[in-house]
Structures are given as C-alpha cells and as structure tokens.
Amino acid sequence: MLGSLVQVAVLCSVGWLLWKYFKQVLLSSPLDNIPSLPTRGSFLYGNLAHIMDRHAWPLYERLTEGYPGVVRLSGPLRHRMLYVFDPVAMHSIIVKDQYVYEEAAWFIKSNSLNFGPGLLSTLGDHHRKQRKLLNPVFSIAHMRRMIPIFNDVSRKLQKGIEDRVVGHNGPVELDMLNWMGRTALELIGQSGLGYSFDPLVADSADEFCTAIKSLQPVQMQLTLLRRLWPYIPNFGSPWLRRKVGDMIPHKMIQRLRGIVDVIHQRSVAIYEEKKRLLEQGDEALKDKIGEGRDLMSILLRANMMASEEDKLPEEELIGQVATFIFAAMDTTSNALSITLSLLAEHPDVQEKLRKEILEASNGGEDLEYDTLVSLPYLDAVCRETLRLHSPITTVFRETRKDAVLPLSEPIVGVDGSKISEILVPKDTTVIVGLLSSNRNKAIWGEDALEWKPERWLSSLPETVTEAKIPGIYSNLMTFLGGGRACIGFKFSQLEMKVVLCQLLTKFTLAPSNKPIVWNLSGIRFPSIGEDTKPSLPLMISLYKGNEVSA
C-alpha cells in the first residue's frame, strides 16, 4: 500500500513538472502575435544557441535594426522568450516592475556557486538588505579618497610597461588585456580591499588574476549547461555535493571548479586578515595598504555598527569580497582594453586626448579628482566607448507573475493589429538588450554605429533625452538601472580615467598585425583569431613628446 502511494506521488510530481515546463509549448500565448526571428533554431536550444554564440554580433545588429524594440525569440524546448530594447518597456522591467522581472534563476545559481551569497547572487529583500549596507561605501566622498591609490597603482603600471619598452628601437608588442586585468585587480585590491595582489613587476599575472580572467571564457563554453543548474537540487551535505562534482567527467566543468576554488580561497584569506586587523584597532591599520580607508574596511565597520536586523553574516561578507573582485576587475579591464584598442585604431583621437591630458596635468603630473572629472574629451571618449562597446551585451530576467509590458510606440503584430502593450505570462524569459538600446538609430541617430567621441561635446539629440532611457549613467544601459544597477559605476569611471591619463602621457598605441576578435560572452573579451584565450596585443612606444619636454 505504501509503495503504491509513493509511486502515485512520484508520477504526480513528474506529471506536474512536465506540465509546468511544456504548457508554454502546448498552449497558445499572447506572445504569439509578437514579430519573431524567421528561424527558431533547434528544438533543444532554440534561438538561445544563436544569441549566445561568441560570434553573434551580426545577429544583434539584425535584432537592433530590423525590429521595433521588442522581438519574440524561441527558447529551449520551444519556450517563448522576449528580446526587449524599447525604452518604456525597459523602464517597466528594470525600474517600475523590477520585482516582477527578477534576475534569471540560472544567473543567480551560477553566481552563488562562483562567488557565494554576494550582491550578484541574491534577490528581493535579501538583495535590498545587502545593497542598503553597501551603497554608502561607493559615495563620492569615498571615491575622492581613492584617487591617490589609483594614481599610485597606475604609476606602477606605467613603470612596468616602460621597463619592457625602453631599449628597443621601435614599438614593442604587449598584451594589453593582461596588463589591464592585472591593473584592475590591483586597483580593487588596494582601494577596495586594502590588499595588494600584484606589484605589476613580473611579466605575467599570478594564479588568482589568471583565474579571474579565465572565468568568463570558461563560462562561455558552459552557457547552455548553466541554464540547467537551477533544476539540480541541493542534495546531501556540501561535502557530498563536492565529491559528486569531482566525479563529473567534463573538462570545462572541472576547470570552472578549479577557478572557483582559487577565488574562494583567496577571498576567505583576505576577509580573515581584514577582520583580524579591524579587531586590533586603528593602530594596526596605519601601516597597511589603504590605511583602513579601503571599501572593505568601511563595509566591515558599517556592519559592526548596524542593527542585528541589518547585519550581514560572515558568509555574505566573504561573498562580497569575491563579488567586488570579479565585478570590478573583469568589466573595467575589458572596457579599458576596448578603449585602448580604439585609440590605437584612431591616432587622431589618441593625439587629441593626449594633448588635453598633458595640458591639464602640466606634462604628466597626477590629477586631482575635480580636474580629472572635468576633462571634456576624456569624458567623451569614455562615454562613447561604453555606449558603442558596452562590456555586457544583455541581461536576463524572468517574470514571477503575469505582467503587462507597455511600449513607447505601438508595434504591428503578426496578425496586422497594432499592439501598444504586451501581456507577458508568468515564467517568461525576457532578455534586455543593453547594447541594442545603446546602438538604437531611432534614438541615437543614423551614425549610432560609429565611434564618435565628439557627439558628447555638444547637446545630445532630443530623441535621446526624450526617450527617458532608464540607465543609471548618461542615457546608456551600460550600467543598468533600478535596484540592480551597477553599484560601482563611479568607481569604474574613475579607474578608467586615471589609467588612461597615466598611459597616454607616457606611451603611444598602435594596432599589431594580429587579427583581434571580440568575443560575445557574459562580458565581452578579445582574442587572437579563432583562439578563445583572452588576449589583446598592441604595439607600444614611448611618447616622443616626453623626451622633448624632458
């Protein structure tokens, strides 16, 4: 009798799961009337395999230019998905109804496995609690205090590159992605954690930097498998799950586990050392990097003073260490690499920017915060790069209940009717096209696909200001908006500007003769040809004007 009841329970559970998953395929949907791509892809992966391919840039261009802000896509097992870059619809998704359109379950599970319960791995009230404690850490007042550290680390970068260029008759080929990754790691290390990862002296990065830079390329090769992670239950103890993971015969999964282990071990060590020093008092911090004014010290002090209700547990604080490191290093280093690549390809822009920096810095002196943020052409170069080449191309959301998605202008449905709002059923995957919004010709004009820093030196077109794009930064979606906007976008901006100032006063940049491919991933990255190893070789020379002025 008991066995029969168990069998019935199992059959009912399996039946319910199958119905929950396949009802989208079997039943009609309001989304069926939304224009879609002409091909649906395979039954197993749908269009997801196409849009996640590392060479999918032409597809994104077709989505941006061929559709009016919203497109229906075919997902895995024929699930319906939406691709959205209409500004009013985006405002609803990431601001007005942000708790209806939550982060995708696979994204949260993936980040939780990679970094622990940090800011990128939590939802709802849990996320708001963490953000409440973290927001003051990234204030302008704290950013001002970071400038001396930024300048000190950037001078070490300058010296490290100079040592490899001096003595050569011509330009020297250097992997600038490697140097930008190491620099970004040291910047977040010293200013964010009061910790030094890399003195920028050796020819290559240490194990930790290599692990961080390898994370996105490895995850790119596990893109479709990562979608299955939310459906894998947390069986048994962590020790048992670990042992089962050790036995999975998949090269990329094992490599990812090795990377995650390196990140976790270093994060725990940094946290424990920081906690020990804080417990000893301010005197113990005086001779340490950052002198206790780094972001992590500020966070730990705030956590000590918080009410029991607002305090973060130790595992979440360790999760913030790993999250800080990854978020601050990978996105900013890749954004800097894109900027250097563009400056190498546009020597006129490079020279104009160098002239502005040299004049403001009296030939190469460190710039104070107020001067740095007031340089118009430097700001224009950074904004235009982050507009046209946003490091993150899309973000995924999932509807927690049925929702109505408004549109800025009506679209024509498959049946010829006009649609001004879309009923989006519960459990629908919505892909927000950050890059598509930044490149939308209807908003940015016919030259939207051109890299033109000058567009930021005068008033933006009315189509930009009237669109009311919900991004937190400069009418762009690069840093998102709403409650999950990039909390460290001001930190990233300052970092980019300081590094560019230090490099351009000392060196000139030119392309190498190697074919550079920018790969679409969670965070875009460059490689040489078809190789998937991250790399950006550029030709670096000493700036001759320095020799003349000296």
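Look a little higher up for the structure.
Colleague: Looking at this structure, I do not really get the sheet that holds strand S1 (residues 70–74). What am I missing?
Modeller: Within a sheet, neighbouring strands are paired by backbone hydrogen bonds and run either parallel or antiparallel to one another. The 5 strands are arranged S1-S2-S8-S5-S3 in an open sheet whose pairing can be described as mixed. The sheet is open, and its two borders are formed by S1 and strand S3 (101–103), each paired with just one other strand. Strand-to-strand, the axes of this sheet are offset by a mean angle of 35°, without reference to chain direction. Direction of pairing for S3 relative to strand S5 (residues 394–399): antiparallel, over a ladder of 3 bridges. Bridge assignment links Tyr101 to a residue of S5, and that residue is Thr399.

Colleague: How should I be thinking about the packing of helix H12 (residues 251–280) against helix H15 (residues 314–345) in this particular structure?
Modeller: Helix-helix packing: each pair is described by the crossing angle between the helix axes and the interaxial distance. The contact between H12 and H15 brings their axes to 9 Å, and the two run at 115°. Where H12 crosses over H15, the handedness of that crossing is right-handed. For the pair H12 and H15, contact is made by Ile263, Ser267, Val268, Ile270, Tyr271, Glu272 and Lys275 and by Glu314, Leu317, Ile318, Val321, Ala322 and Ile325, respectively. Along the lines of polarity and charge, the residues of the contact of H12 with H15 split into 9 nonpolar, 1 polar and 3 charged.

Colleague: Would you mind going over the sheet that holds strand S9 (residues 507–511) with me for this structure?
Modeller: Here we have 3 strands laid out as an open sheet, ordered S4-S12-S9, and antiparallel in their pairing. At either margin of the open sheet sits one strand with a lone partner, and together these are strand S4 (172–175) and S9. Along the sheet, successive strands turn relative to each other by an average axial angle of 40°, direction set aside. Docked against the sheet, helix H8 (residues 176–193) engages S4 and strand S12 (537–542), running at close to 50° with respect to S4.

Rules used in this analysis
Residues numbered from 1 in each chain as written. Predicted model: local features only at pLDDT ≥ 70, side-chain atom pairs only at ≥ 80, totals over all residues. Heavy atoms only, no water. Pairing = 2+ DSSP bridges. Helix = DSSP H or I, 4+ residues; strand = E, 2+ residues; numbered from the N terminus. Axes fitted to C-alpha atoms, helices over the stretch in contact; angles between N-to-C directions. Left-handed = near helix turned anticlockwise from the far one by under 90°. Contact = heavy atoms within 4.5 Å. Nonpolar A, V, L, I, M, F, W, Y, C, P; charged D, E, K, R; others polar.

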